[in-house]
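Overview (structure and organization)
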Amino acid sequence: MTFNISKRPFNKLKPVSFVKVKIKDDFWSKRQQINREVSIHHQHQMLEGDFHIDNFRVASGLKKGVQRGEFYFDSDLYKWLEAACYILNIYNDPGLEAKVNEVVDLIKKSQTKDGYINTFYSTRFIEKRFTNIYLMHELYCAGHLIQATISHHHATKSQVMINVAIKFANLLVSRYLGGKRKGVPGHEEIEMALIALYRITENSNYLKLAEEFINRRGNISNFKTYVVNQYINMLSILGLAKKKNHEFHSSIARENAIEEKESEVAEWASNLTLRSQLILFKENLNGDYIQSNVPVREIFEPVGHAVRAMYLFCGMADLYSEIGDKTLLRALRRVWLKMVKARMYITGGTGSEKGTEGFKKDFSLNNEDSYSETCAAIGNMMWNLRMLQITGNCKYADLIEKLLYNAMLVGQSINGKEYTYDNPLTSHGMDKRREWFRCACCPPNVARIIASLGDYIYSTSESGIWIHQYIGNNIKIDLDSNLISISQISGFPWKGEVKIKLNLSKSQKFSLFLRIPGWSFDADLKINGIKYSKDLHNGKYVEILRNWLDNDEIELDFRMMPTFVESDPRIKGNRNRVAISNGPLIYCFEQKDNKNIDIFKAVISKDRGLTVKFETDLLGGVNIITGTASDGSKITAIPYFVWNNRGANNMLVWQLIN
């Protein structure tokens, strides 16, 4: 392994932190306001009610008892903490700060002398720890802990949580680095967390351990035997945990006992069809489920659990950024192309197999089976941001935009209190948004993305400044000791109009890279009112190299046009159907907007065109698109991300055509 303590030495672009970006946008400012004023506090309430926080009171010795809930519960609190700290980076909220301080104190007090933290094990049988990293999510929880501590450090400048993370990471290094223990993390997350911690501490052992975990995938000897043994171990541990719970509740007064909920894992597995159970069993045995079917440098297609796959690819990209191993980058390029061309829905959603919450074979993208977990969309965004910074290739920024406005944003209701875990492309009125899930990974995941949205807008390079996403904001960027203020006003996602103004302390020659979205039918660019037309190609960055002056203004107008989108004919369920897009948005048909027709039987006419109208009082204000059915009646589409905000309803994305 090559080693270089400069951060991300093999990236083409350098990240610009969301902390520097003040979002001031007609669309996203509302989402961020709801996120910080409603969602983050509501999530804390749900975490409190479902024992996530109480588990740390038990682990820290403040309460008697045992951990309650699923074995991965700690991770959901860590994600909430990360999101809350992102918010506190920018906004003063004494109430939120008090909640954060309590959680931080509980986590710190729950850490054992040797650095270990995991309430499932530490409150029952700490001697069983590290016996099952394949199934029991210990290192997944550890990864989210590390990421939360880094977020807390940036928000508060305190060393308290970073020291907690360092102590835990050092324990992992002592236990695993150098092949001391066999096994591979079953749910990826620890890899990118360790690299993030390395970037702060410059302790190369964290980078080395991340690399070792990545390299172990596909290289476990006698893998099938290993998996079977881990399953037997899991059943033993869960059985023992149930016994410990029963013993504790039998020891306290009956009136103080709380009825134990059935394990969601057991409930979810029991609801799977026999076919799905067999697929899950098979993919575990051959390693597909946890992306351990082949060594990572030989990966050529995305397989298994979609969220795990995205987190693995994030870790691989981070590792490339630090060590420059081109075989890693080649593998990432291959698997990205395969995913986009053959295993991704039109919304950017991934996962068409419920049993594995993951990928099927090429073009097996049945709309009713669309799992498209919200967390998978978020993981995909995180991966594409890394690929964008490594390469500077516009296609990654384009996919981030698609994911942001469709597969990710659909995961949270417009009131900020309800969520979807999976996201179908066809619904027969059985899908409902929920305030919470027993497996509550998605709500705090959405919260941390919305809170850190500014991470996705800008980058810098030796040549200049890159603008990836058109979201209204103000920022100051130091470029070669010249402070450059950028203000951006954006009409996205409803209009393609963008205005950018530069304020410079002194004139400076540098390149400004502007993304021309892949969906743009035509781009009009003006600098100080003068038309600029060189190299304006959709799906590319236009590089404008000039001596920029104070008060220079750039006007962009990307032509948005409602468009019928045809599917790849190899996707059987979409033959003789079309979807509708407009700018970055994918649209759907919800029965509530089409009361006089049956959306499942209606046939839309491609010859009569589509019209767009902004409806201020509908779903928080949206563009609706109206077309004409073959019988002459009107048929109305709404943005996919706002469906299911008015109760359970029939919905579909791919409409029949004549």
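Quick note: structure is the one above.
Anyway, here's the lowdown on the structure attached to this text.

Cut-offs used in this document
- Residues numbered from 1 in each chain as written.
- Predicted model: local features only at pLDDT ≥ 70, side-chain atom pairs only at ≥ 80, totals over all residues.
- Heavy atoms only, no water.
- Helix = DSSP H or I, 4+ residues; strand = E, 2+ residues; numbered from the N terminus.
- Phe/Tyr/Trp six-rings, centres within 6.5 Å; stacked < 30°, edge-to-face > 60°.
- Buried < 20%, exposed > 50% of the residue type's maximum accessible area, 1.4 Å probe, protein only.
- Axes fitted to C-alpha atoms, helices over the stretch in contact; angles between N-to-C directions.
- Left-handed = near helix turned anticlockwise from the far one by under 90°.
- Contact = heavy atoms within 4.5 Å.
- Nonpolar A, V, L, I, M, F, W, Y, C, P; charged D, E, K, R; others polar.
- Core = buried A, V, L, I, M, F, W, Y, C linked by side-chain atoms within 4.5 Å.
- Pairing = 2+ DSSP bridges.
- Expected span 1.5 Å × (residues − 1).
- Polar contact = N/O pair within 3.5 Å; in protein donor to acceptor, adjacent residues only side chain to side chain.
- Salt bridge = Lys/Arg side-chain N within 4 Å of Asp/Glu carboxyl O.

Further remarks concern unusual backbone geometry. Of the consecutive residues phenylalanine 492 and proline 493, the connecting peptide bond is found in the cis state with omega at 0 degrees. Take proline 493: it is sitting in the loop between β7 (482–490) and β8 (497–504). Even without being a glycine, arginine 8 presents a positive backbone phi close to 50 degrees. One can find arginine 8 in the segment before β1 (14–15). One non-glycine residue, phenylalanine 130, lies in positive phi territory at about 60 degrees. Assignment of secondary structure puts phenylalanine 130 in the loop between α5 (119–122) and α6 (138–156).

Okay, the packing of aromatic side chains next. Counted by the stated rule, this structure contains 35 aromatic pairs. When the ring of tryptophan 28 is compared with that of tyrosine 405, the centres are 5.6 Å apart and the planes differ by 55 degrees; the resulting orientation is tilted. Note that tryptophan 28 is positioned in helix α1 (residues 28–49) and tyrosine 405 in helix α16 (residues 394–408), a separation of 377 residues in sequence. Across the pair, exposure class does not vary: tryptophan 28 and tyrosine 405 are buried alike. A ring pair is formed by tyrosine 134 and phenylalanine 223, whose centres lie 6.4 Å apart and whose planes are at 85 degrees; its orientation type is edge-to-face. With tyrosine 134 in the loop between α5 and α6 and phenylalanine 223 in helix α10 (residues 223–251), the pair connects residues that are 89 residues apart, well separated along the chain. Comparing tyrosine 134 with phenylalanine 223, the two get one shared label, buried. A network of ring pairs unites the aromatic residues Phe27, Trp28, Tyr405, Trp494, Phe614 and Phe641 as a single cluster.

Relative to each other, α1 and helix α4 (residues 94–110) sit at 35 degrees, their axes nearing to 11 Å. α1 and α4 meet at a crossing whose hand is left-handed. Contact residues: α1 offers Ile40, His41 and His44, while α4 offers Gly95, Leu96 and Lys99. The class makeup of the residues in the contact of α1 with α4 is two nonpolar, three polar and one charged.

Bringing the nonpolar core into the picture now. If you look at the biggest cluster of nonpolar residues, it comprises 222 residues, and the most contacted ones within it are Trp383, Met408 and Leu514. The leading source of residues in this core is helix α13 (residues 306–323), at 13 residues.

On to the sheet that holds strand β5 (residues 464–467). Read across the sheet, five strands follow the order β1-β4-β5-β9-β12 without closing on themselves; strand pairing throughout is mixed. This sheet does not close on itself; its edge strands, each paired only once, are β1 and β12 (540–548). Taken together, the nine bridges between strand β9 (residues 508–516) and β12 define a ladder with antiparallel strand orientation. Of the residues in β12, the one forming a bridge with phenylalanine 513 is glutamate 543. Sitting on the sheet, α16 is in contact with β9 and β12, with an inclination near 55 degrees to β9.

So, about helix α7 (residues 160–176). Within an α-helix, residues lying three or four positions from one another point in the same direction, as the helix has 3.6 residues per turn. Between its first and last C-alpha, α7 extends 25 Å over 17 residues, near the 24 Å set by a 1.5 Å rise per residue. Its buried side turned inward, α7 meets α3 (73–90), α4, α6, α8 (190–201) and α9 (204–216).

Once that is clear, we can look at the side chain of threonine 123. Tracing the chain through its elements places threonine 123 in the loop between α5 and α6. One polar contact links the side chain of threonine 123 to the main-chain amide nitrogen of glutamine 67, over a distance of 2.9 Å. For threonine 123, the contacting residues outside a window of four places in its chain are Asn55, Val58, Ala59, Gly65, Val66 and Gln67.

A separate point is the pattern of salt bridges. Opposite charge on two side chains allows them to pair when their charged atoms are near. Counting across every chain of the model gives 31 salt bridges. One salt bridge in this structure joins arginine 57 and aspartate 54, with 2.9 Å as the shortest N-O distance. With arginine 57 and aspartate 54 both in helix α2 (residues 52–59) and three residues apart, the pair spans about one turn of that helix. Aspartate 54 matches arginine 57 in its accessibility class, with the two residues each being buried. Two residues, glutamate 212 and arginine 216, come together in a salt bridge whose shortest N-O distance is 2.8 Å. Highlighted residues: glutamate 212 and arginine 216, both in helix α9, separated by four residues, approximately one helical turn. Here glutamate 212 and arginine 216 have matching classes, each one buried. What you see here is one network of salt bridges that share partners, running through Glu48, Asp54, Arg57, Lys63 and Glu102.

A separate point is the sheet that holds strand β13 (residues 553–558). Taken together, seven strands build an open sheet; the order of strands is β2-β6-β7-β8-β13-β10-β11 and the sheet is antiparallel. In the strand order of this sheet, the two ends are held by β2 (21–23) and β11 (530–532), each with one partner. Strand-to-strand twist of the sheet, defined as the mean angle between neighbouring strand axes without regard to direction, takes the value 20 degrees. When β8 meets β13, the two strands line up antiparallel, connected through five bridges. Opposite lysine 499, over in β13, you have glutamate 555 as the bridge partner.

Next up on the list: the environment of asparagine 474. Structurally, asparagine 474 can be placed in strand β6 (residues 473–479). On the accessibility criterion, asparagine 474 (32% relative accessible area) is partly exposed. Distance in space between the C-alpha atoms of asparagine 474 and serine 487 is 4.4 Å, their sequence separation being 13 residues. When neighbours within four sequence positions are excluded, asparagine 474 is seen to be in contact with Lys20, Val21, Lys22, Lys24, Ile486, Ser487 and Gln488.

Function cannot be read off these values alone, since they describe shape.
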